[in-house]
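One letter stands for each residue in the lines below.
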Amino acid sequence: MNRAGIVAIAWVATTITAHVQAQEEASKVGSTVFTHSAATHEFSTVSQLGNTPLLPGLIREALENNPEIQAAQQERIAAQQRIAPAEALDDPMLEAGVINAPLASSPFNREDMTMKMIGLSQRLPFPGKRGLRKEVASKDAQAIEYGYQETVNRVIHNLKTAYFDLGLTREIFQLVEKNRQTLEYFLRIAEERYQVGQGSQADVLKAQTQVSRMLDRLLELEREQPVFEAELMRALGRSTQTEVLVPVLLHIQETPLSMEMLQQEAMLQRPQLLALQSLIARNEKSVDLARRASYPDFDVRLSYGQRDNMLDGTRRDDMVSMTVAVNLPIWRGSKIEPRILESQALRDQAASLYQAQRNEVTARLRQQIAVAEQSLKSIKLYQTTILPQARLTVESALAAYQVGRVDFLTLLDNQMTVFDFETNRITAIANYNKALAEIDWLVGKHVH
C-alpha cells in the first residue's frame, strides 16, 4: 500500500473513532435503556434515574394496586367465609299457639285438652351430611385460593411481558437513532465526494433514502410505544400515567432449563393445576353428598303446654310433648339419581380439564424452553462473532470507499447489515427474558 493510502486509512480511522465517541456521548443523554455485557451474563447493579422504574418495584406496585388481584383476593375471603355456614345446623324453629280451643267459647278452662303451647324444633341432618358439606365448601375455598395465586402469577407475567416489550421498543428506537446518525455521516461523505467529482449522485440519493427509511422506522416505534405503555399501566392498576415509564433493561441472567425438572415443578406448584385437583376432590365429595340424600333427616320437636284450672276449680297439670319426624326420600328416580349423575359428570369434567391443562403446560414449556435456548445461542453468536465481524466489515468498507476501492452501495449494505444484526440481538435478548417470564408462570413460580 502506498503512503497516500496509509494516510487515508489513518484519517478514516480517526474520523470513525471521533464519530463513535460522539454517538456514545449522545446516547448517554436521555433515558437509560437496554445494556448488555458480552463478557458476563449476570445482572449488574443499576441505579434508578429519574422516572426509570426497576422491575421488582413495579411488581410490588401491581401486587398492591392491580384490581384483578384485589378482586381475586376478595373472592378468596368470601370463599373462606362459606366454610363454617356449610356445616352449621338449620335455624331452630320457635312456635307458640293455642291447642284444642273450642269454637263455641273462648275461655281456656272449659275443655280439658285446651292449652297454651310453646315449642322448639330443630332439624338434624343424617350423620355425615354436615361433614361432607363442610368438605365441599373447603375444597371450593381451596380451589379459589389457588385461583387467586394463578391470577397473581398471570398479572405478573403480563407485567413482565409488557415491560420487556416496552424496553425493546425503546432500545430499538435508540438503535435506529444511532443508525440514522451514522447514515447521515455517510451521506455527508457522499455529498462531499460528489461535489469534488469523485462520487455519483446515485450514492447521495441512496444515502438519503436510507436516512428517510430510518425516520419512518422512528415514527413507527413512536406509535408502538404507547401500546406497550398502556399494557404496562393496566397491569400496574393505574388509571392514568403519572410518570414516564422507562424500563431499565436488559442484562441476560442465564438460567438452567431442564424440561424434566420444570415439568415436575409445574405439576407440584402450578396454581391452575392445583385448583383443578381441588375441584376434582370437591366434586368427589359432592357425589358422596348426593348419595347421602337417600338417607332421611330428622326433625326433633319439644313443646310445653300450659293448662288453666277448670271452672269448678279442678286443677289440671301442664303437659310436655316431644316428637321426632323424618322426611321420606322416595323420589329417587326423579330427584336423587339425577343429582348423583350431575356430580359425577362435574367430577369427570374436572378430571378431563386437569389432564388437558397438564398437556398444555407440558407443550408450552417445551416451546418456551426452545425459544429461550435458541435466543441465548443467538445472543452469544451475535455478540462474540457476527457483530464484531460485521462492524469490522463496515470500517474496512468505509476506508476502502474513501480511496475509491468499493462503491457506496457496498458501504451502505454493510452498515444496514450491522443495523439488522444489532436489531436481531436486542430482539433475542427480549425474547429470552419473555420466555423466562412465561416459564415462571407455567411452573407457578411464586412472586409474592
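Looking at an unreviewed UniProt entry, the protein chain carries the name Outer membrane protein TolC, with the source organism given as Nitrosomonas ureae. Per its UniProt entry, the protein chain bears the Sequence similarities (unreviewed entry) comment "Belongs to the outer membrane factor (OMF) (TC 1.B.17) family."

What's the story with the overall build of the protein chain in this structure? I'm lost.
The helix and strand tally for the protein chain stands at 10 helices and 4 strands. Ordered by position in the sequence, the α and β elements of the protein chain form the string α-α-α-α-β-β-α-α-α-α-β-β-α-α. Considering the protein chain as a whole, with its 448 residues, one finds that 38% of them fall into the buried category. Pairs at least 24 residues apart make up 84% of the contacts formed inside the protein chain by residues separated by at least 6 positions. A total of about 24600 Å² of accessible surface is found on the protein chain, and carbon and sulfur atoms cover 54% of it.

I tried to follow the environment of Pro329 on my own but got confused; where do I start?
Along the chain, the position of Pro329 falls in the loop between strand 4 (319-326) and helix 9 (332-402). Sequence separation between Pro329 and Ala293 is 36 residues, and the spatial gap between their C-alpha atoms is 7.3 Å. Beyond its immediate stretch of four places on either side in the chain, Pro329 contacts Ala293, Ser294, Tyr295, Pro296 and Ile336.

Could you clarify how one ought to interpret helix 9 in this entry?
Every α-helical turn comprises 3.6 residues, leaving residues that sit three or four positions apart pointing alike. Taking 1.5 Å of rise per residue, the 71 residues of helix 9 would be expected to cover 105 Å, and the 97 Å separating its terminal C-alpha atoms lies within 8% of that figure. Gly404 sits one or two residues past helix 9 and shows a positive phi near 80 degrees.

Could you clarify how one ought to interpret the packing of aromatic side chains in this entry?
Any two aromatic rings considered together are summarised by their centre-to-centre distance and by the angle between their planes. Summed over all chains, the structure comprises 6 aromatic pairs. Ring centres of Phe126 and Tyr295 lie 4.8 Å apart, and the angle between their planes is 20 degrees; on these two criteria the pair is classed as stacked. Highlighted residues: Phe126 in the loop between strand 2 (115-124) and helix 5 (129-195) and Tyr295 in the loop between helix 8 (271-292) and strand 3 (298-306), separated in sequence by 169 residues. Classification of Phe126 by relative accessible area gives partly exposed; the value is 23%. Measuring from ring centre to ring centre gives 5.2 Å for Tyr401 and Phe408, while their planes differ by 55 degrees; the resulting arrangement is tilted. One exposure class covers both Tyr401 and Phe408, and it is buried. Here the aromatic residues Phe126, Tyr295 and Phe298 are joined through ring pairs into a cluster of three or more. Looking at Arg76, its charged tip hangs above the ring of Tyr148, at a distance of 4.1 Å from the centre. Lying across the ring of Tyr401, Arg193 places its NZ or CZ 4.7 Å from the centre.

Any chance you could explain the confidence of the model for the protein chain here in plain terms?
The predicted structure's coordinates, where accompanied by low pLDDT, should not be read in detail. This prediction gives the protein chain a mean pLDDT of 84; 84% of its residues lie at or above 70. Element-level pLDDT for the protein chain is lowest in helix 1 (residues 3-28), with a mean of 39, against a maximum mean of 96 in helix 3 (residues 67-81).

Explain helix 8 to me, please; I cannot follow it from the model alone.
Compared with an ideal rise of 1.5 Å per residue, which puts 22 residues at 32 Å, helix 8 spans 31 Å between its outermost C-alpha atoms and is within 8% of the ideal. Residues Pro271, Leu273, Leu274, Ala275, Leu276, Ser278, Asn283, Ser286, Val287 and Ala290 constitute the buried set of helix 8.

Could you clarify how one ought to interpret the pairing of strand 2 in this entry?
On a regular strand, each side chain points to the face opposite its neighbour's, so the side chains alternate between the two faces of the sheet. In this structure, strand 1 (residues 93-99) lies alongside strand 2, joined through 7 bridges in antiparallel fashion. For Ile99, the partnering residue across the bridge sits in strand 2 and is Met115. Bridge count for strand 2 against strand 3 is 9 bridges, and the pairing is antiparallel. Bridged to Ser121 within strand 3 is Arg301.

Explain the sheet that holds strand 1 here, please?
Pairing between the strands of a sheet is mediated by backbone hydrogen bonds and can be parallel or antiparallel. One open sheet holds the 4 strands; their spatial order is 1-2-3-4, and the pairing between them is antiparallel. With one partner strand each, in any of the chains shown, strand 1 and strand 4 form the two edges of the open sheet. Direction aside, the axes of adjacent strands within the sheet are offset by 20 degrees on average. Inspection of the sheet shows strand 3 paired to strand 4 by 8 bridges, in the antiparallel sense. What sits directly across from Ser303, in strand 4, is Ser321.

Where do I start with the packing of helix 7 (residues 259-269) against helix 10 (residues 408-443) in this structure?
Each pair of packed helices can be summarised by the angle the axes make with each other and by the distance between the axes. Two numbers describe how helix 7 lies on helix 10: the axes approach to 7 Å, and their chain directions differ by 45 degrees. With respect to their mutual orientation, helix 7 and helix 10 come out oblique. Across the interface between the two elements, Leu262, Glu265, Ala266 and Gln269 from helix 7 touch Ile439, Leu442 and Val443 from helix 10.

Whenever I open this one, the side chain of Asp203 confuses me. Can you help?
As for its placement among the helices and strands, Asp203 is situated in helix 6 (residues 201-236). Buried charge without a salt bridge: Asp203, with Arg193 as the nearest opposite-charge side chain at an N-O distance of 6.3 Å. Excluding its chain neighbours within four sequence positions, the residues that come into contact with Asp203 are Ala190, Tyr401 and Phe408.

Would you take a moment to explain the nonpolar core for this structure?
Most often, soluble globular proteins keep nonpolar side chains buried together rather than apart. Core analysis: the biggest nonpolar cluster contains 31 residues, and Val176, Leu183, Phe186, Phe408 and Leu411 have the highest contact counts within it. Counting residues per element, the ones that place at least two in this core are helix 5, helix 6, helix 9 and helix 10. Ranked by residue count, the leading element in this core is helix 5, at 10 residues. When residues no more than four places from it in sequence are discounted, the contact partners of Phe186 are Val394, Leu398, Phe408, Leu411, Leu412 and Gln415. Core analysis: the second largest hydrophobic core is formed by 23 residues, Ile252, Leu276, Val361 and Ala372 among them.

Parameters and conventions
Residues numbered from 1 in each chain as written. Predicted model: local features only at pLDDT ≥ 70, side-chain atom pairs only at ≥ 80, totals over all residues. Heavy atoms only, no water. UniProt positions renumbered as here; feature names shortened; annotations may be inferred. Helix = DSSP H or I, 4+ residues; strand = E, 2+ residues; numbered from the N terminus. Buried < 20%, exposed > 50% of the residue type's maximum accessible area, 1.4 Å probe, protein only. Contact = heavy atoms within 4.5 Å. Areas by Shrake-Rupley, 256 points an atom, 1.4 Å probe, with all protein chains shown as cover. Expected span 1.5 Å × (residues − 1). Phe/Tyr/Trp six-rings, centres within 6.5 Å; stacked < 30°, edge-to-face > 60°. Lys NZ or Arg CZ within 6 Å of the ring centre and 35° of its normal. pLDDT = per-residue confidence, 0-100. Pairing = 2+ DSSP bridges. Axes fitted to C-alpha atoms, helices over the stretch in contact; angles between N-to-C directions. Parallel < 35°, antiparallel > 145°, perpendicular 65-115°, else oblique. Lys, Arg positive; Asp, Glu negative; His and termini not counted. Salt bridge = Lys/Arg side-chain N within 4 Å of Asp/Glu carboxyl O. Core = buried A, V, L, I, M, F, W, Y, C linked by side-chain atoms within 4.5 Å.

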